[in-house]
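Notes for the structure review
Next come the chains, spelled out residue by residue.
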Amino acid sequence: MSELAGKVAVITGGASGLGEGLVRRFAAEGARVVFGDVDKARGKAVADELGSATLFLATDVTDMSQIAALVDTAVGEFGGLHVMVNNAGISGTMHRRFLDDDLADFDAVMRINLRAVMAGTRDAARQMAENGGGSIINLTSIGGIQAGGGVQTYRASKAAVIQFTKSVAIELAHHEIRVNAIAPGNIRTAIVRKSAAGEDREHLEEFEAKIRAQMRNDRPLKREGTVDDVAEAALYFATDKSRYVTGTILPIDGGTVAGKVLVRKEKG
């Protein structure tokens, strides 16, 4: 378990969910990891558990100076930066109809899901360009690939991350910086529940169960995806195994965006 030995990584949104999974996997593979999150208590607990190979900074990615501080800390404390993972994101509020959407969360969603990704990519690339290159991994979503109802601002932000990733990959290739994106789908984290945070507990559980059932029905592979599946994809992009790969969007979704499941009638 040493595929990232000697590497230094920065991960945003690393205190829980997909981000925590990435922090744990990268550390297990020998990387020294600086990670940020707004959840100070959880972030500190993760860092304390993982030990001296990790360093947590309370980070609000809506403040671009705090994103820059993560990069600066990685360089100052661990001597460099080889991998940047722009993971922090929010879902936005689920509305029953787009006609009812007041777009009140538009600015917050775009600042976190898009602008923070752009700022993190820029800040990491400035360091990497002067030191032989590196790997930048942006977290998007199958919601940015596949059209559908609900959370339209979220979908728009994730689609923008895809276009940004491809575009900046072309520019940064000159510096031996690879930029790729992972598009998770149907992974059990808290993001679905948070999108319906205004519901009471009973309706919230009913809402989440309904969404999860729909996800299962739309997914060709019937096993449910895990945080570890996403971490495995990120590990691939972080290592030299992907040294000839850039501008790629990799869905981790059990085949969901490949197409609709064919429903076969039982014989007899």
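See the structure printed just above.
To start, this report covers the structure provided alongside it. (Residues numbered from 1 in each chain as written. Predicted model: local features only at pLDDT ≥ 70, side-chain atom pairs only at ≥ 80, totals over all residues. Heavy atoms only, no water.)

Looking at the pattern of salt bridges
Within this structure, the stated rule accounts for 11 salt bridges. In this structure, Arg97 and Asp100 form a salt bridge, with 3.2 Å as the shortest nitrogen-oxygen distance. With relative accessibility at 40%, the residue Asp100 sits in the partly exposed group. Between Arg126 and Asp123 there is a salt bridge, with the nearest N and O atoms lying 3.9 Å from each other. Here the residue Arg126 and the residue Asp123 both occupy positions in helix 4 (residues 106–129), the gap between them amounting to 3 residues, near one helical turn. Residue Arg126 is classed as exposed on the basis of its relative accessible area of 54%. By sharing partners, the salt bridges in this structure join Glu20, Arg24, Arg42 and Glu49 into a single network. (Salt bridge = Lys/Arg side-chain N within 4 Å of Asp/Glu carboxyl O. Buried < 20%, exposed > 50% of the residue type's maximum accessible area, 1.4 Å probe, protein only. Helix = DSSP H or I, 4+ residues; strand = E, 2+ residues; numbered from the N terminus.)

Examining the nonpolar core
One broad trend across soluble globular proteins is that nonpolar side chains are buried collectively. Core analysis: the biggest nonpolar cluster contains 29 residues, and Met84 and Ile136 have the highest contact counts within it. Among the elements of the structure, strand 1 (8–12), helix 3 (64–78), helix 4, helix 5 (152–172) and strand 6 (177–184) are those that each provide at least two residues to this core. With 9 residues, helix 4 is the single largest residue contributor to this core. Contacts of Ile136, omitting those with residues within four sequence positions, involve Met84, Asn86, Thr121, Ala124, Ala125, Met128, Leu172, Ile177, Arg178, Val179 and Asn180. Core analysis: the next-biggest nonpolar cluster, separate from the first, contains 28 residues, Phe35, Leu139, Ala234 and Val245 among them. (Core = buried A, V, L, I, M, F, W, Y, C linked by side-chain atoms within 4.5 Å. Contact = heavy atoms within 4.5 Å.)

Notes on the packing of helix 1 (residues 17–28) against helix 2 (residues 40–50)
It is at 11 Å that the axes of helix 1 and helix 2 come closest, and there the two elements cross at 15 degrees. The angle between helix 1 and helix 2 falls in the class roughly parallel. Along this stretch, helix 1 crosses helix 2, giving a crossing that reads as right-handed. Facing Glu20, Val23, Arg24 and Ala27 of helix 1, the residues of helix 2 in contact are Arg42, Val46, Glu49 and Leu50. Taken together, the residues that form the contact of helix 1 with helix 2 break down as 4 nonpolar, no polar and 4 charged. (Axes fitted to C-alpha atoms, helices over the stretch in contact; angles between N-to-C directions. Parallel < 35°, antiparallel > 145°, perpendicular 65-115°, else oblique. Left-handed = near helix turned anticlockwise from the far one by under 90°. Nonpolar A, V, L, I, M, F, W, Y, C, P; charged D, E, K, R; others polar.)

Focus: the packing of helix 4 against helix 5
Where helix 4 meets helix 5, the closest approach of the two axes is 9 Å, and the angle between their N-to-C directions is 15 degrees. On the basis of their axis angle, the class for helix 4 and helix 5 is roughly parallel. Note that helix 4 runs across helix 5; the crossing there is right-handed. Only Thr153, Tyr154, Ala156, Ser157, Lys158, Ala160, Val161, Phe164, Val168 and Leu172 of helix 5 make contact with helix 4, whose side of the interface consists of Phe106, Val109, Met110, Asn113, Leu114, Val117, Met118, Thr121 and Ala125. A class-by-class count of the residues in the contact of helix 4 with helix 5 yields 14 nonpolar, 4 polar and 1 charged.

Section: the side chain of Thr73
Note on placement: Thr73 falls in helix 3. On the basis of relative accessibility, which here comes to 17%, the residue Thr73 falls in the buried class. Excluding residues within four positions of it along the chain, Thr73 makes contact with Val34, Leu55, Leu57 and Phe78.

What to know about helix 1
Taking 1.5 Å as the rise per residue, helix 1 with 12 residues should run 16 Å; its terminal C-alpha atoms sit 17 Å apart, in good agreement. Within the sequence span of helix 1, burial applies to Leu18, Gly19, Glu20, Gly21, Leu22, Val23, Arg25 and Phe26. Downstream of helix 1 by a residue or two, Gly30 has a phi angle that is positive, lying close to 100 degrees. (Expected span 1.5 Å × (residues − 1).)

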